[in-house]
Amino acid sequence: IIEVNLTSENPVPIEAGQKLSFTYTVHWKETSKPFELRFNRYLEYDFFEHKIHWFSVFNSFMMVIFLCGLVALILLRTLRNDFARYAKDDDLDVEGMQVIGEDTGWKQVHGDVFRPPQHLELFAAI
């Protein structure tokens, strides 16, 4: 098959419960097109006669901008809190030792990944 021309001639309104019959007609024609030029029909401008849906393009662009802003906002809030805590932790206590502040969030559990659980033998037996 080199080319297919689909047309919908004589449209009929469809009602609920109506029996439909689908038919098609095939006309085989021999072609003299060389193999290298057979795909050119689909590369022509007239083949894609669809209009650009500018609203969808604009909507997608605005969604990307919104999501990038949301990620940037979350990142900036997290970094601002971390920098404020680190600046506060730079204060020295009476003995000259650095004050160790408590970490929050993922920083509390990042060391627990490789820690074995309690009662490892029972856990392994299950």
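Since this is a predicted model, take the numbers as computed values, not measurements. (Residues numbered from 1 in each chain as written. Predicted model: local features only at pLDDT ≥ 70, side-chain atom pairs only at ≥ 80, totals over all residues. Heavy atoms only, no water.)

Peer 1: What am I meant to see in the overall build of the protein chain here?
Peer 2: Broken down by element type, the protein chain carries 4 helices and 0 strands. Traced from its N-terminal end to its C-terminal end, the protein chain shows the element sequence α-α-α-α. When the accessible area of the protein chain is evaluated, it comes to approximately 13,400 Å², of which 63% is carbon and sulfur surface. (Helix = DSSP H or I, 4+ residues; strand = E, 2+ residues; numbered from the N terminus. Areas by Shrake-Rupley, 256 points an atom, 1.4 Å probe, with all protein chains shown as cover.)

Peer 1: So what exactly am I meant to see when it comes to a nonpolar patch on the surface here?
Peer 2: Residues Met63, Phe66, Leu67, Leu70, Leu73 and Ile74 make up a contiguous nonpolar surface patch of about 590 Å² in total accessible area. Here leucine 67 lies in helix α2 (residues 54-89). (Patch = residues over 30% accessible without salt bridge, like charges linked within 9 Å, V, L, I, M, F, W, Y side chains within 5 Å. Salt bridge = Lys/Arg side-chain N within 4 Å of Asp/Glu carboxyl O.)

Peer 1: Before we go on, may I ask you to explain the confidence of the model for the protein chain in this structure?
Peer 2: Fine structural detail should not be taken from predicted coordinates in areas where pLDDT scores are low. Taken over all residues, the pLDDT of the protein chain has a mean of 78, while the share at 70 or more is 78%. Model confidence for the protein chain, summarised as mean pLDDT per element, is weakest for helix α3 (residues 106-109) at 68 and strongest for α2 at 89. Note that residues 92-99 has pLDDT below 50 and, in this model, 8 contacts with residues that lie over four places away or in other chains. (pLDDT = per-residue confidence, 0-100. Contact = heavy atoms within 4.5 Å.)

Peer 1: I would appreciate a short explanation of unusual backbone geometry in the present structure.
Peer 2: Positioned with a positive phi, histidine 119 is a non-glycine residue whose angle comes to about 55°. Tracing the chain through its elements places histidine 119 in the loop between α3 and α4 (120-125).

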